[in-house]
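Inside the fold
So you can see what is in the structure, the chains are spelled out below.
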Amino acid sequence: MIELSGVTKLYGRVIGVNDLCITLPTAGYGLIGPNGSGKTTLISLLIGHLRPTLGQVQVFGVDPGRDRSVLRRIGLCPASDVLYPNVSALEWVTYQVRLHGFPRRDCDPLARTALATVGMTAAMNRPMGTYSLGMRQRTKIAQAIAHQPDLLILDEPYNGLDPVGRADMTRVLQDWTQAGRGLIFASHVLQEIESVTMSFLLIQGGRLLASGTADEIDQLLLGQPMKIVVKGPDVRDLLSRLAEVRWVDSLELKRDRESLAISVNDAGELYRALPAWVSENESRIEELSSPDGDLSALFESLLKQHRGETV
């Protein structure tokens, strides 16, 4: 679906993205990074709005900057607001479909179907100037999916949506990926990504820190320093064992006497040893907290690894 080969984009002396090399088969991916990390620059490269300073971008086997026909296979919901106050959503989405080269007779049905998918049927004939921010956001997503693209690219698509709207859009995107279509979902809010897909591209400072599923990315951290918290009535049973092993850097028993914070230089060693210790002592351990399943912590661990820091 996407292939980036040594892609760098410079804005004068400012680096937008730096030496990105990745191949993505058709699937759903979360593009995660803080504001200013390079997400929007990468999206602009994928749709051909920007050309790389170095390297090569290919989408479905072609360079989107040279072969604009590939844009028919791509749907884009940009982060910026779109508002034509005197035009209805139906008129606008119909026109967007027409721009992709569809016969005029097909444009209206495709637009109506897309607007129904995002819950805008009741308001689709009203001027967009009367819409709330959430309604405009739904309309933007409708125009992105109306021409039935193979790849949907969303830049902060939940902006302006209330909790009901977010739940509705999550279901739409889940159905999209389950149908075998491509999705790039850019956000700086990890929980939004987790609700749709468990495959990620983690980007910071224009560099790709890691890519893969949450489990695959977590495997990168098993040999890295990490802080893990074990909770339960019998956590004190682990103190003597942990004090004897070389891969534990520090131990901290919390005031409640049921929470033990363990700083390790190799998390994999702890994960392998802990089940046997708990079983031997018949210890009551109720919870283990780590970057497993917690993308916020995982992202922070990757940043520390990238900067050469320890826990």
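Residues numbered from 1 in each chain as written. Predicted model: local features only at pLDDT ≥ 70, side-chain atom pairs only at ≥ 80, totals over all residues. Heavy atoms only, no water.

Quick notes on the overall build of the chain
Scanning the chain from N- to C-terminus turns up 10 helices and 13 strands. Out of the 311 residues in the chain, the part that is buried amounts to 47%. Of all intrachain contacts in the chain linking residues separated by at least 6 positions in sequence, the fraction that spans at least 24 positions is 65%. About 15000 Å² of surface is accessible on the chain, with carbon and sulfur atoms providing 48% of the total. (Helix = DSSP H or I, 4+ residues; strand = E, 2+ residues; numbered from the N terminus. Buried < 20%, exposed > 50% of the residue type's maximum accessible area, 1.4 Å probe, protein only. Contact = heavy atoms within 4.5 Å. Areas by Shrake-Rupley, 256 points an atom, 1.4 Å probe, with all protein chains shown as cover.)

A look at the pairing of strand β6 (residues 151-155)
Most of β6 sits inside the fold, with 5 of its 5 residues counted as buried. Of the two faces of β6, the one lined by L151, I153 and D155 and the one lined by L152 and L154 are each fully buried. Pairing geometry for strand β5 (residues 74-77) and β6, over 4 bridges, is parallel. If you follow I74 over to β6, its bridge partner there is L151. One ladder, built from 5 bridges, connects β6 with strand β7 (residues 182-187); its direction is parallel. Within β7, the residue paired with D155 across the bridge is A186. (Pairing = 2+ DSSP bridges.)

Observations concerning the side chain of N18
Within the element layout of this structure, N18 appears in strand β2 (residues 14-24). Residue classification places N18 among the buried residues on the basis of a relative accessible area of 18%. Ignoring sequence-local partners within four residues, the contact set of N18 consists of V7, T8, G206 and R207.

Quick word on empty space enclosed by the protein
On inspection of all chains with the given rule, the structure shows 1 cavity of 30 Å³ or more. In this model, the largest cavity occupies a volume close to 100 Å³. Elements that contribute at least two residues to the lining of the largest cavity include exactly β1 (2-11), β2, α1 (39-46) and β8 (199-204). Broken down by element, the lining of the largest cavity gets its largest block of residues, 3 residues, from β2. (1 Å grid on protein atoms, 1.4 Å probe; cavity = no way out; pocket = protein on both sides within 12 Å on 5 of 7 lines; lining within 4 Å. Points joined across faces, edges and corners; volume = space filled by probe spheres on them.)

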